[in-house]
Amino acid sequence: MAKGCGIDLGKSLVRLAAFESSKGNHRLTRYMAAAPEAGEAPVEAARAVLAGAAKKLGQVELGLTGSDLMMRYLPVPPVEDWRLERLMDFEIREVESRSGSSLASSYNLLPVPKGLDDEDTMLLSLVREDLLESTMEDLGGLTVKAFTPNAIALYNAYLVLGDHETSTTLIASLGSGTLDLALVNGTELFFARSVSTSLEKRDGALASQLKIDEGRARALIHKHLDLRLALGERLSSDAERVTRPLMPMYESLPTLLGGAVTLCKAQARLSDLTLDRVLLTGGGANSNGLAEFLEARMRIPVQVWNPVEMVDLESLPEDEAGQLEADGPGATVALGLGLGASDAELYALEILTAAARKKKAFSERTLFSILMGVAAVAFLVVNFVVMGG
């Protein structure tokens, strides 16, 4: 049975989910969450509160999101693996030369039907190496297996905990200033992307409008924000006072969601693609009226997806089960990261720094040499016994 845990470095809450997986069966063994203190970075909260537990829970995957993460879609011909590796190495060097920075990368074929031609589509993910190295240093002694895009974690969470409806579905995880997207049909991944949003400035904007501090503004938003105001519904004076100044930030969301389909058509070369529904998840999914607002603007069904409803909580300590149920859709990315870390059969896009990749390759070569040595000794012993007989 393989162990693994995922850590979602959210700006408002850091979450850890640990799984044990074997032959397609997954058991959630730990779930932890901690809010960064004022002025504290999420990675510092992860080190202080979660790193001690993570060391005992198997291989660790950390999520990546936002504007620092690049995700590119490349048509590739059906060629031998070594030729494909050369093609991708060339592409990575080209991007590095344009960016002027060393880039950590990972790539994998998309499990998507052929589009307009016979070429496959390769998903390439890149991020600056110095950002990953800084994160690993800030985590102290925590050993990181890999960094994985949050959008890929969404897909893996859907593979294990979703309904696999045969319709084109956009899974959208709304966080504090980030939006992670996975476009799927059944169990096939068509497109994945992470973007930054203006909601990162939401608390500060309301604080400035009402002349209060950001902590107070955040509390008012959680209590009174109601996006049904944009649909013409009459609300209480408190709800209107909080919601109206923030409406411009939410008005851009339908465009961002619809843009994922447009980009997928172009980059994955699926010209006949039509979006059938949106599954809204993440920490911001339960905002009052958000699903109704998006449904009215996009004119397709939008519903909140809470994968926690499909998780067996029996193996969790009581307090951690309560935390998970309270987090609900906010736990989706952490669950997907943990599932990916513990199950090698799920879709993988694991980003490593050059140093970490060399260390991993050395460990694999060392293990292979040991296994070959054991096999040679076993052969000699068996041969000796047989010849002696």
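Here the structure is a predicted model, which means the values were calculated and not measured. (Residues numbered from 1 in each chain as written. Predicted model: local features only at pLDDT ≥ 70, side-chain atom pairs only at ≥ 80, totals over all residues. Heavy atoms only, no water.)

1. Section: the sheet that holds strand E8 (residues 146–149)
Here is the rule we go by: Strand pairing is assigned whenever DSSP detects at least two bridges linking the two strands. For the purposes of this entry, the term helix denotes a DSSP run of H or I that reaches at least four residues, the term strand denotes a run of E that reaches at least two, and both are numbered from the N terminus. Orientation is described by lines fitted to C-alpha atoms, with helices fitted over the stretch in contact, and by angles between N-to-C directions that extend from 0 to 180 degrees. Contacts between residues were defined by any pair of non-hydrogen atoms, one from each residue, lying within 4.5 Å.
Pairing is mixed across the open sheet formed by 5 strands, whose spatial order is E3-E2-E1-E4-E8. Looking along the sheet, the strands with just one partner apiece sit at the ends: strand E3 (25–34) and E8. Adjacent strand axes in the sheet meet at a mean angle of 25° when their direction is disregarded. Strands strand E1 (2–9), E3, strand E4 (59–64) and E8 of the sheet are contacted by helix H4 (residues 150–161), whose axis makes an angle of about 80° with E8. Running at roughly 85° to E3, helix H11 (residues 318–327) makes contact with strand E2 (14–22) and E3 of the sheet.

2. A closer look at a negative patch on the surface
Spelled out, the test is: The patches described consist of residues with a relative accessible area above 30% and no salt bridge, like charges being joined within 9 Å and nonpolar side chains (Val, Leu, Ile, Met, Phe, Trp, Tyr) within 5 Å. Where accessible areas are quoted, they stem from the Shrake-Rupley method and a 1.4 Å probe; at the residue level, only the protein chains shown are allowed to cover. Any carboxyl oxygen of Asp or Glu that lies within 4 Å of a side-chain nitrogen of Lys or Arg is treated as forming a salt bridge with it. Counting rule for charge: Lys and Arg are taken as positive, Asp and Glu as negative, and neither His nor the chain ends is counted. To locate a charge, the coordinates of NZ of Lys, CZ of Arg, CG of Asp or CD of Glu are taken.
A grouping of Glu44, Glu133, Glu137 and Asp138 is seen on the molecular surface, where their side chains present a negatively charged patch. It is helix H3 (residues 129–138) that provides the largest number of residues to the negative patch, a total of 3 residues. If you trace the backbone, Glu133 turns up in helix H3.

3. Remarks on the side chain of Glu61
To keep it simple, the criterion reads: Partly exposed residues are those whose accessible area sits between 20% and 50% of the maximum for their type, while under 20% is buried and over 50% is exposed, using a 1.4 Å probe and protein chains only.
As for its position among the elements, Glu61 is in strand E4. Of the residues examined, Glu61 reaches a relative accessible area of 3% and is grouped as buried. When neighbours within four sequence positions are excluded, Glu61 is seen to be in contact with Cys5, Gly6, Ile7, Lys145, Ala146, Thr148, Leu337, Gly340, Ala341 and Glu350.

4. With respect to the nonpolar core
Stated formally: Residues belong to a common nonpolar core when they are buried Ala, Val, Leu, Ile, Met, Phe, Trp, Tyr or Cys residues joined through side-chain atoms within 4.5 Å.
With 104 residues, the main nonpolar core has Tyr250, Leu290, Leu324 and Leu335 as its most contacted residues. By residue number, the principal contributor to this core is H4, which donates 9 residues. Sequence-distant contacts of Tyr250, defined by excluding residues within four places in its chain, comprise Leu199, Arg202, Leu225, Leu227, Ser287, Leu290 and Phe293. Counting residues in hydrophobic clusters, the runner-up holds 10 residues, among them Ile92, Met122, Leu124 and Leu126.

5. Points about the packing of helix H5 (residues 202–210) against helix H6 (residues 214–224)
Short version of the rule: Relative orientations are named as follows: roughly parallel for angles under 35 degrees, roughly antiparallel for angles over 145 degrees, roughly perpendicular for angles from 65 to 115 degrees, and oblique for any other angle. Gly is put with the polar residues, along with every residue not named as nonpolar or charged; the nonpolar set is Ala, Val, Leu, Ile, Met, Phe, Trp, Tyr, Cys and Pro, and the charged set is Asp, Glu, Lys and Arg.
The N-to-C vectors of H5 and H6 enclose an angle of 105°; their axes lie 8 Å apart at closest approach. Comparing the axis directions of H5 and H6 gives the class roughly perpendicular. For the pair H5 and H6, the contacting residues are Arg202, Asp203, Gly204, Leu206, Ala207 and Leu210 in the first and Glu214, Ala217, Arg218, Leu220, Ile221 and His222 in the second. Looking at the contact of H5 with H6 residue by residue, the class counts come to 6 nonpolar, 2 polar and 4 charged.

6. Some details on the confidence of the model for the protein
For the record, the criterion: For every residue, the predictor reports its confidence as pLDDT, a number between 0 and 100.
For the protein, the mean per-residue pLDDT works out to 88, and 88% of the residues sit at or above 70. Looking at the elements of the protein, mean pLDDT is at its lowest for helix H13 (residues 354–388), recorded as 54, and at its highest for strand E12 (residues 277–281), recorded as 98. Contacts of residues 362–369 to residues separated by more than four positions or lying in other chains number 0 contacts, the stretch itself having pLDDT below 50.

7. Some words on unusual backbone geometry
A positive phi angle, close to 55°, is found at Lys211, a residue other than glycine. In this structure, Arg299 takes a positive phi of about 60° despite not being glycine. Mapped onto the secondary structure, Arg299 falls in the loop between helix H10 (290–298) and strand E13 (302–304).

8. Comments concerning H11
Stated precisely, the cut-off is as follows: As used here, the arc belongs to the directions running from the helix axis to the C-beta atoms.
Looking at H11, one finds that the buried residues are Glu320, Ala321, Leu324 and Asp327. End-on view of H11: buried residues confined to an arc of 130°, all on one side of the axis. Set apart from the buried face of H11 by more than 90 degrees, the exposed residues are Glu318, Asp319, Glu325 and Ala326. Lining the buried residues of H11 we find E2 and E3. Of the residues trailing H11, Gly328 is marked for its positive phi of about 55°.

9. Considering the packing of helix H9 (residues 253–267) against H10
Stated precisely, the cut-off is as follows: Each crossing gets its handedness from the near helix: less than a right angle anticlockwise from the far helix is left-handed, clockwise is right-handed.
Running from N to C, H9 and H10 point in directions that differ by 60°, and their axes come no closer than 10 Å. Of the two possible hands of crossing, H9 and H10 adopt the one that is right-handed. Contacts between H9 and H10 pair Leu253, Pro254, Leu257 and Gly258 from the former with Leu290, Phe293, Leu294, Arg297 and Met298 from the latter. When grouped by side-chain class, the residues that make up the contact of H9 with H10 number 7 nonpolar, 1 polar and 1 charged.

10. Some words on the side chain of Thr332
Applied cut-off: Pairs of N or O atoms within 3.5 Å make up the polar contacts considered here, provided that, within protein, one atom can donate a hydrogen while the other can accept it, and that residues adjacent in sequence are counted only when both atoms are side-chain atoms.
In this structure, Thr332 sits in helix H12 (residues 332–342). Among the polar contacts made by the side chain of Thr332, one reaches the main-chain carbonyl oxygen of Pro329 at a distance of 2.8 Å. When near neighbours in sequence (up to four residues on either side) are disregarded, Thr332 contacts Leu154, Ala157, Thr281, Gly282, Trp305 and Pro307.

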